[in-house]
Each structure stands twice: as structure tokens, then as C-alpha cells.
Amino acid sequence: MAGKKKSTFFANNSQLLIPLIAIALLVIFNLFRDPSFFSVSIASNNRGDPVLQGNLISILNGASELVILSMGMTLVTAASGGQDISVGALAAIAGSMFVKVLKSGTVTPGLIIAAFLACCAVAMVFGAFNGTLVSVFGIQPMIATLILFTSGRSIAYWINGGATPTIENATINAIGSFIPGIAIPTPILIVAAMGILFALLFRFTALGMYIQTVGINQSAARLNGINPVGIKLLTFILLGICCAVSGVIGVSRLGLINHETLLINIEMDAILAVAIGGNNLGGGKFKMIGSVLGAYAIQALTITLYAMKVPSTDVKAYKAIVIIILVVIGSPVVKAKVDQLMKKIRTGGSAERRQSA
Amino acid sequence: MRKTLTLILALALVFALFGASSAYADDLIKVGIVNNPPSESGYREANVNDFQNVFTKENGYDAQFFYSIKNDEQLSAAQQFITDGVDYLLISAAETTGWDKVLADAADQGIGVFLFDRMIDVDPFLYEAAVVSDMAQEGDTAVDWLLAQELPEYNVVHIQGAMGSDAQIGRTGALDEQFEAGTMKKVVQQTATWDEAEAKKIVESVINSGEKFNVIYAENDGMAKGAVAALDEAGITHGIDGDVVVMGFDCNKWALRELFAGNWNYDGQCSPFQAAVIDTMIQTLEMGGDIDGLNELHQIISQEQGFDAMHICRADIATYGLGE
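Residues numbered from 1 in each chain as written. Chains lettered and ligands numbered in written order. Predicted model: local features only at pLDDT ≥ 70, side-chain atom pairs only at ≥ 80, totals over all residues.

S.K.: Lay out the overall build of chain A in plain terms, naming residues and giving numbers.
M.R.: The helix and strand tally for chain A stands at 16 helices and two strands. For chain A, whose C-alpha radius of gyration is 22 Å, the value lies close to the compact-globule estimate of 21 Å for 357 residues. Counting the 357 residues in chain A, one finds 46% classified as buried. For chain A, contacts bridging at least 24 residues in sequence account for 75% of all contacts bridging at least 6. (Helix = DSSP H or I, 4+ residues; strand = E, 2+ residues; numbered from the N terminus. Rg over C-alpha atoms; globule rule 2.2 N^0.38 Å. Buried ≥ 20, exposed ≤ 12 C-beta atoms within 10 Å, placed from the backbone. Contact = placed C-beta atoms within 7 Å.)

Right, here's the structure in full:
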């Protein structure tokens, strides 16, 4: 009985196996390499507040923007069967807008909220622009978002007025670093909040099912009274909000907006996180938790390479090797072979049992 | 070779005189300036402003500007300037190749060509002079300053820019020499590809490893800021009287303010100010003089300095700082 339950759990969640294997491999590898790798300690920062420290915290903290973007990317992928490659550029636009509003007066909590709302609004408009191209005009998502991918950082430049403006403010610093008295980095808390929001959204609405339905079969969805255009548009707007939150975290970490480098190349990592998470890049069924685990696996890999002092010129090559292995393990061909093998072992095992009985 | 040289010099002289006389006629020297757009970077913005401030009517110039990051657009703009009959052509090329014909045309018309910031792959005799930065020298200046601090030991965390870029190669070279000579210990050498947040992650990983370090050598200001954020979170002091020496490059105004506040120790200049040097050279040619001090590539290396937190003053920030 217990065995049966276990096997159905894995059957339902088999797509989570790959990110879990990836993380497990990295954990085991690091424990062998340096047993103290995952040790977490409490230190006091330069303002005298106690803060958590260690590679584990660095991974969880550093992955925050990527995790949030991969949440949104999962939805876009599921609904439209394609990926948004403009998320980094859009985050730069949102971050620039955030700083622009903050620079308009003395920084008060009210102004920070206004700045956040403004940057969310801008990101949602651009998200809707992408979404309209995809849902109304039926353009391939990667092509539709290529427009913003190439022009987004120039738009961010234009918002910034050219320079890399800096913001010195305790509250902004608290958003990107630590809230005095709380030892957990704030970005980790923001990720948790976003996760809870999405969980509530799926728990209390049927949005998750609608997205899957649209992704699996548009015409069937329409016949069942679901509006595919609206659903796709909505996923792009939700991704826009994710970009805004990531942009704000990125800006707040250092109190600086550099439109050229903020979250540069993150779109590829976000897509990769969705893929490692076992989600079908062609749309349909999805598990957001898979993408989240995938994002943490990617960050863990980066931090591991830093800790191993891999030469600068080789980092990308090492990353590529690990990713090729993960993607191959997750491919349908390997999956089918493994399933076959498992079946053989299981039937062989039960035959033996029957014999012994 | 010598013949061509004399010929070109003679031509240059004749046309310089001719240019001078025509300048006398309408009192203004006509220059065409081809540059990259200010949106490229904070450096470029300062560069563009510098040329707009120097080549003005008040200084005796009738200047036309053209900005593009595309080489072919730059080429046709340069051709147009030649047709318009400018006296001098000032170029910061998007690409190093494809300029032979345009520069030959300019020489035929007796137009003096100056290159700034970026070199072009042509015969050096096709232009009067090139005013450029020497990134390797920037690295040397910074490392010399570091050695002059006479720290008891040098355990360096080296954060590199995008691998293969001019700035990265130049600024890495000087430090690599020290690592090889054994005068400094390489704790970590890693690229953050100019990304501030990535620089922070790299320094975090060094701190987590528990290895000792007392110098952060970041190849631009943004990455130095990222590194300092990691130090602040870990409770490690930095700057004047701090445990860790912080070094950056580019001299953004905000970075020089960090220096002034004593949070950082050193910032190396990458000067975008080439207009004044070119202005002086044009005036020399107009007076019938010769430009000297050129190397075999007709280059003039921009005077670039490093700023020390102990000596920087407010006037330096205003004069040399880039951006806001």
C-alpha cells in the first residue's frame, strides 16, 4: 500500500526529478569537495546588525531575481508555447523607472511605494505589448519579444537620461540587502512572498487550469468558453510584474541602475530554469515549483564554480557541460529508456517474489 | 616612403595655409566630427559633451556632429563632411576596418584627419594624429599605486570586466605580472562581465570560503561598488583605515564621492577628454607648425591619472568625474 502511494507520488511529480537530481548532485559534489561549503553562520554587518552568512544564503539570495523571473516565464511558456527573451531588458526599464521616480523628490516610504507602482505599471504595459503581439497577432513569442530585447536597454537609457544614477537611502538598502533586525536577506523574503501570491492565485482561481488548457489546445479551450487571447495576454502581464519586482531588487542591491548590465543575459537562465524544471517548452502542463528549483540549481552551479576558482575564461564552458548533461537526462528519449529499465526491474522483482512465495 | 611623407607634409602645409586663409575669410574653422552616440555609455556621454564644449563658435570652430554605432553610417557621414568641404575630420570609428577610401579621399582634398578614442586599421600617414587611451598604462598606474602603499602582504581579489575587451586586457595585464612575479597573491581572479551584481556574488563566495584578502581590484567602478556591498554585508571594513583596500576604474562622479568619503582607496581614470588636445594640435597646424610627440602609429596617449582617497578634493570630482 505504502509502496503504491510512493509510486503514484513519483508518477505525478516525475518532472521534478530532474531539478531535484541536479540540486542533489551539486550538494553531494560540494560536500565531498569542501564539507564546510554549506555551513551557515551569523555575522554582524557594517551597520552592526546580525545577518546570516554562507554559501547557502548566497545561493538563495543571489538567485532571487532569477527565481521570480522563472515563475513568470513558466506561465508564458505554458500558455503560449514560447519564451519571452525580453525579461532582462524589461527589468532594466522597470528598474530605471523606479530610480527615475525616486530621484524626483526626497525619498520617503510613500515615494518608494509610488515608485514601485510606477515601475509595475510600466512593466505591465510593456508586458501587454509583448502579449498583444503574441496573442492577437499570433507572432512567435521569441520573435515578438525580440523587439523589446533589442530596444529595451536603449529605452532604459532614455529613462535614465544617459547616466548610471545612484540612490543612497537606508530603506532602499534594506530592500536589496537586510532589514535591520532581520537576519534573512530581504530578496529571499520577497521571493517567498511572490511564491505565496502565486500559490494563492492558483488555489483560489482556476487560472492555472485555464493556462494549461490554452497551452494544450487553443481551439478546445475556446470551445469550452476560455478566451485564449485573454489568458495569453494575462500571462505576459504577470511576467511583466515579475520583471518589475526583479528590477527593483536588482537596483536596490547596490543602489545603482546600470541599464547596460542590470540582469544581463538573465533571459537565457530563466528559460533554462523552466526547462530544467521539467516543463515542456512547447506549452501545456506546467509546474512552477520545478522552474523555481531549476533556478536555484543554476545559481548553485554558478556559486560552486566561483568557489572552485574556475578560471574566468572557462566558466561558461563548465556551465555548458553541466547543462548539456541535465538537459540530456531530462530528454524524452532518456526518460523512456529509464522508464523501460524501471519496469523491467519492477516486473523482474515481482516475478522473483512470486517464485519465492 | 620618405617621398610620400614629404609630399603629404607639403600638402598638409599648403592646405593648412589654405585652410588658414579660408578660415580667415569667415573666421571659423570647419570641422566634421564623427562619433558614437552618447547612449553607448557614461564614458561616451562625457566624450560627446567634451567635443561639443570645445569645438564651439566662441573657440573659432564651425562644427558639425554625426553620431552612429554603425560603421557604414559613419562612413557615409564622413564622406558627406568631405563633400561639404570641412577643414578637419575628427573620427571615433565604430569599427577598425573599411576606412581606407574615405581617409584617402580626405587626404586628396587636403583635409586633416584626427582619430580619437579608437584606432583605425590604416596607414598612419593617412591621419595627422590619434588621441587614445592606453589601458595597459591605466593598469600600470593602478598597480604602481598599490605597490606604493607598502602593505605587509598583498592578497588580491581581482574582478575582471568582459573577457577580451580592451579595458579588461589592459587592466588585467599589470596585475597578472605581479601575480607571476610573486609580489602579490591571487586569491581569486574572476570575470563579472562588468555586472555589478555578479561582482558582489564573487566577493561573497570569497568571504564564504574564509580565505584572507586585503585588496579588491575591480576593473570598473560598478563592480567595485558591488564588491563593497558584499564587504558591508559581511561586516568587513574598507577604504581609508579599513581592512580591505578598494580599487576601481573609470572615475564616475559617484565613485569619486565614495573616494572622497574614504570608503574606497583608489580610482583610475579612463579619460574621455580628447577634444582639448585635438584643439591644440589644430591650432598648431593652423599656425603652420608641426605636431610632435607622436609615436610610430601617430598616437598621442591621453594623460590619465589615478586618484587616491587621501588626496582627492572636491574640485577633482567636478573636473574629472563622469556622469552625475
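S.K.: I'd like a rundown of the overall build of chain B, residues and numbers included.
M.R.: Looking only at helices and strands, chain B features eleven helices and twelve strands. Along the three orthogonal principal directions, the C-alpha set of chain B runs to about 70 × 40 × 35 Å. Taking all 324 residues of chain B together, 48% fall into the buried category. Contacts spanning at least 24 positions in sequence make up 75% of the contacts within chain B whose residues lie at least 6 apart.

S.K.: Account for the packing of helix H14 (residues 288-307) of chain A against helix H7 (residues 196-209) of chain B, naming residues and giving values.
M.R.: Look at H14 of chain A against H7 of chain B: their axes get within 9 Å of each other, and the N-to-C directions meet at 60°. Relative to H7 of chain B, the element H14 of chain A is oriented oblique. Here H14 of chain A runs over H7 of chain B; the crossing is right-handed. Residues Ile303, Tyr306 and Ala307 of chain A of H14 of chain A pack against Lys201, Ile202, Ser205 and Ser209 of chain B of H7 of chain B. When the residues that make up the contact of H14 of chain A with H7 of chain B are grouped by side-chain class, the tally is four nonpolar, two polar and one charged. (Axes fitted to C-alpha atoms, helices over the stretch in contact; angles between N-to-C directions. Parallel < 35°, antiparallel > 145°, perpendicular 65-115°, else oblique. Left-handed = near helix turned anticlockwise from the far one by under 90°. Nonpolar A, V, L, I, M, F, W, Y, C, P; charged D, E, K, R; others polar.)

S.K.: Explain the environment of Ile175 of chain A residue by residue, including any values.
M.R.: All names here are of chain A. Looking at the secondary structure, you find Ile175 in helix H8 (residues 170-176). A C-alpha to C-alpha distance of 5.7 Å links Ile175 and Thr186, two positions eleven residues apart in sequence. Discounting chain neighbours no more than four positions away, the residues touching Ile175 are Thr186, Val248 and Ser252.

S.K.: Run through the domain arrangement of chain B, naming residues and quoting values.
M.R.: You can read the domains of chain B as domain 1 (2-133 + 272-292) and domain 2 (135-270 + 307-320). A straight line from the C-alpha centre of domain 1 of chain B to that of domain 2 of chain B covers 36 Å. (Domains from an automatic or database assignment.)

S.K.: Help me get a handle on the pairing of strand E7 (residues 185-191) of chain B, residues and values and all.
M.R.: Residue and element names in this part refer to chain B. Two strands pair when backbone bridges link them, and strand E6 (residues 155-160) and E7 are joined in this way by six bridges, in the parallel orientation. Bridge assignment links Asn155 to a residue of E7, and that residue is Lys185. With helix H6 (residues 166-181) bridging E6 and the parallel E7, this β-α-β connection has right-handed handedness. (Pairing = 2+ DSSP bridges. Right-handed = clockwise from strand over helix to strand, strands pointing away.)

S.K.: Give me the lowdown on the sheet that holds strand E5 (residues 129-132) of chain B, citing residues and values where you can.
M.R.: Residue and element names in this part refer to chain B. An order of E2-E1-E3-E4-E5-E11 is seen for the six strands of this open sheet, with the pairing classed as parallel. With partners counted over all chains shown, the strands left at the sheet margins are strand E2 (61-67) and strand E11 (299-301), one partner each. With direction set aside, neighbouring strand axes in the sheet form an average angle of 20°. Pairing of strand E1 (residues 29-35) with E2, which is carried by seven bridges, proceeds in the parallel orientation. Bridging across to E2, Gly32 finds its partner in Gln64.

S.K.: Can you break down the confidence of the model for chain B residue by residue, with the values?
M.R.: Residue and element names in this part refer to chain B. For chain B, the average pLDDT comes to 90, and 92% of its residues sit at 70 or higher. The least confident element of chain B is helix H1 (residues 2-26), whose mean pLDDT is 55; the most confident is strand E8 (residues 215-218), at 98. Across residues 19-25, confidence stays below pLDDT 50; counting only partners more than four residues off in sequence or on other chains, it has seven contacts. Taken together, the chains of this predicted complex give a pTM of 0.85 and an interface ipTM of 0.88. (pLDDT = per-residue confidence, 0-100.)

S.K.: Which residues make up the interface of chain B and chain A, and what values go with them?
M.R.: The interface of chain B with chain A comprises 34 residues on the first partner and 32 residues on the second. For the side of chain B that touches chain A, the secondary-structure elements that each account for two or more residues are helix H2 (42-54), E7, H7 and helix H8 (221-234) of chain B. In terms of residues, the side of chain B that touches chain A owes the most to one element, H7 of chain B, which gives nine residues. Tallied by class, the residues present in the side of chain B that touches chain A amount to nine nonpolar, 15 polar and ten charged.

S.K.: Describe the nonpolar core, and please don't skip the residues or the numbers.
M.R.: With 141 residues, the main nonpolar core has Ile93, Ala94 and Ala123 of chain A together with Ala227 of chain B as its most contacted residues. Broken down by element, the residue count for this core peaks at 15 residues, all from helix H12 (residues 228-254) of chain A. For Ala227 of chain B, the residues in contact, after removing those within four places along its chain, are Ile159, Ala199, Lys200, Val203, Ile216, Ala218 and Val246 of chain B. The next biggest cluster of nonpolar side chains, apart from the first, holds 43 residues, and it includes Phe51, Ala77, Ala78 and Val132 of chain B. (Core = buried A, V, L, I, M, F, W, Y, C linked by C-beta atoms within 7 Å.)

S.K.: Mind laying out unusual backbone geometry, listing which residues take part and the relevant values?
M.R.: For Asn265 of chain A, which is not glycine, the phi dihedral falls at a positive 65°. By C-beta crowding, Asn265 of chain A is classed as exposed, having 12 other C-beta atoms within 10 Å. With a phi close to 50°, Glu150 of chain B is a non-glycine residue in the positive phi region.

S.K.: Give me the lowdown on the sheet that holds E7 of chain B, citing residues and values where you can.
M.R.: All names here are of chain B. Reading across from one edge, E7-E6-E8-E9-E10-E12 is the order of the six strands in this open sheet, with mixed pairing throughout. The open sheet has two edge strands with one neighbour each: E7 and strand E12 (306-308). Neighbouring strand axes in the sheet, compared pairwise and without regard to direction, differ in orientation by 15° on average. Across three bridges, the pairing between E8 and strand E9 (residues 245-249) is parallel. Directly across from Tyr217, in E9, lies its bridge partner Met247. The strands touched by helix H9 (residues 253-260) within the sheet are E9, strand E10 (266-268) and E12, with E10 carrying the most contacts at an inclination of about 150°.

S.K.: Requested: an account of helix H9 (residues 186-204) of chain A, with residues and values cited.
M.R.: Residues and elements named next belong to chain A. Helix length check: H9 (19 residues) gives 27 Å between terminal C-alpha atoms against 27 Å at 1.5 Å per residue, within 8%. For H9, the complete set of buried residues consists of Thr186, Pro187, Ile190, Val191, Met194 and Phe198. Looking straight down H9, one finds that the buried residues subtend no more than 150° of arc, so they occupy a single side. H9 presents Ala193, Ile196, Ala199, Leu200, Arg203 and Phe204 as exposed residues on the side facing more than 90 degrees away from its buried surface. (Expected span 1.5 Å × (residues − 1). Arc of directions from axis to C-beta.)

S.K.: I'd love a proper account of H12 of chain A, names of residues and values included.
M.R.: Residue and element names in this part refer to chain A. Taking 1.5 Å per residue, 27 residues should reach 39 Å; H12 reaches 40 Å between its end C-alpha atoms and fits that length. Counting buried positions along H12 yields 24 of 27 residues, so the element is predominantly enclosed. Remark: Gly255 follows H12 within two positions and exhibits a positive phi of approximately 65°.

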